[in-house]
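Residue-level structure breakdown
The chain contents come next:
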Amino acid sequence: MQMQSYNQTERARSVAHIAHPESVVMLAATVRAAREMLRRDRIDGLKVRVSDASYMVSSKDLAQNVLATEV
């Protein structure tokens, strides 16, 4: 029974810590930075593929894709 009480107390402290506005702001900033890094990596990877011509689409396929897109 005492262990269960300890766990509840510990959980309450953890929740209280997370609930601090500065903690939420720091978490949001960390997540944003991580997403931006991943985004940059994807963009850089696409740039490399395009410049190496390993990502090629024929003009016919491109035209078909554009015409098939509904707006």
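As the structure is a prediction and not an experimental result, all values here were calculated from the model.

Conventions we followed
Residues numbered from 1 in each chain as written. Predicted model: local features only at pLDDT ≥ 70, side-chain atom pairs only at ≥ 80, totals over all residues. Heavy atoms only, no water. Helix = DSSP H or I, 4+ residues; strand = E, 2+ residues; numbered from the N terminus. Buried < 20%, exposed > 50% of the residue type's maximum accessible area, 1.4 Å probe, protein only. Areas by Shrake-Rupley, 256 points an atom, 1.4 Å probe, with all protein chains shown as cover. Patch = residues over 30% accessible without salt bridge, like charges linked within 9 Å, V, L, I, M, F, W, Y side chains within 5 Å. Salt bridge = Lys/Arg side-chain N within 4 Å of Asp/Glu carboxyl O.

**Let's talk about the overall build of the chain**
For the chain, the helix and strand inventory stands at three helices and zero strands. Ordering the α and β elements of the chain from the N terminus gives α-α-α. Expressed as a percentage of the 71 residues in the chain, the buried residues total 1%. Only carbon and sulfur atoms are counted for the fraction: they give 61% of the accessible area of the chain, which is about 6900 Å².

**Considering a nonpolar patch on the surface**
Together, Val57, Leu62 and Val66 give the surface a local cluster of nonpolar side chains, amounting to about 270 Å² of exposed area. With respect to the helices and strands, the residue Leu62 is situated in helix α3 (residues 59–68). Leu62 gets classed as partly exposed once you look at its relative accessible area, which sits at 47%.

**What to know about the pattern of salt bridges**
The tally for this structure, following the rule as stated, stands at two salt bridges. With a shortest N-O distance of 3.2 Å, Glu36 and Arg39 are connected by a salt bridge. One end of the pair, Glu36, and the other, Arg39, are both in helix α2 (residues 21–51), three residues apart, so they sit about a helical turn from each other. Since its relative accessible area comes to 42%, Arg39 is described here as partly exposed. Notably, a salt bridge pairs Arg40 with Glu36, separated by 3.8 Å at the nearest N-O pair. Of this pair, Arg40 and Glu36 both sit in helix α2, four residues apart, which is roughly one turn of that helix.

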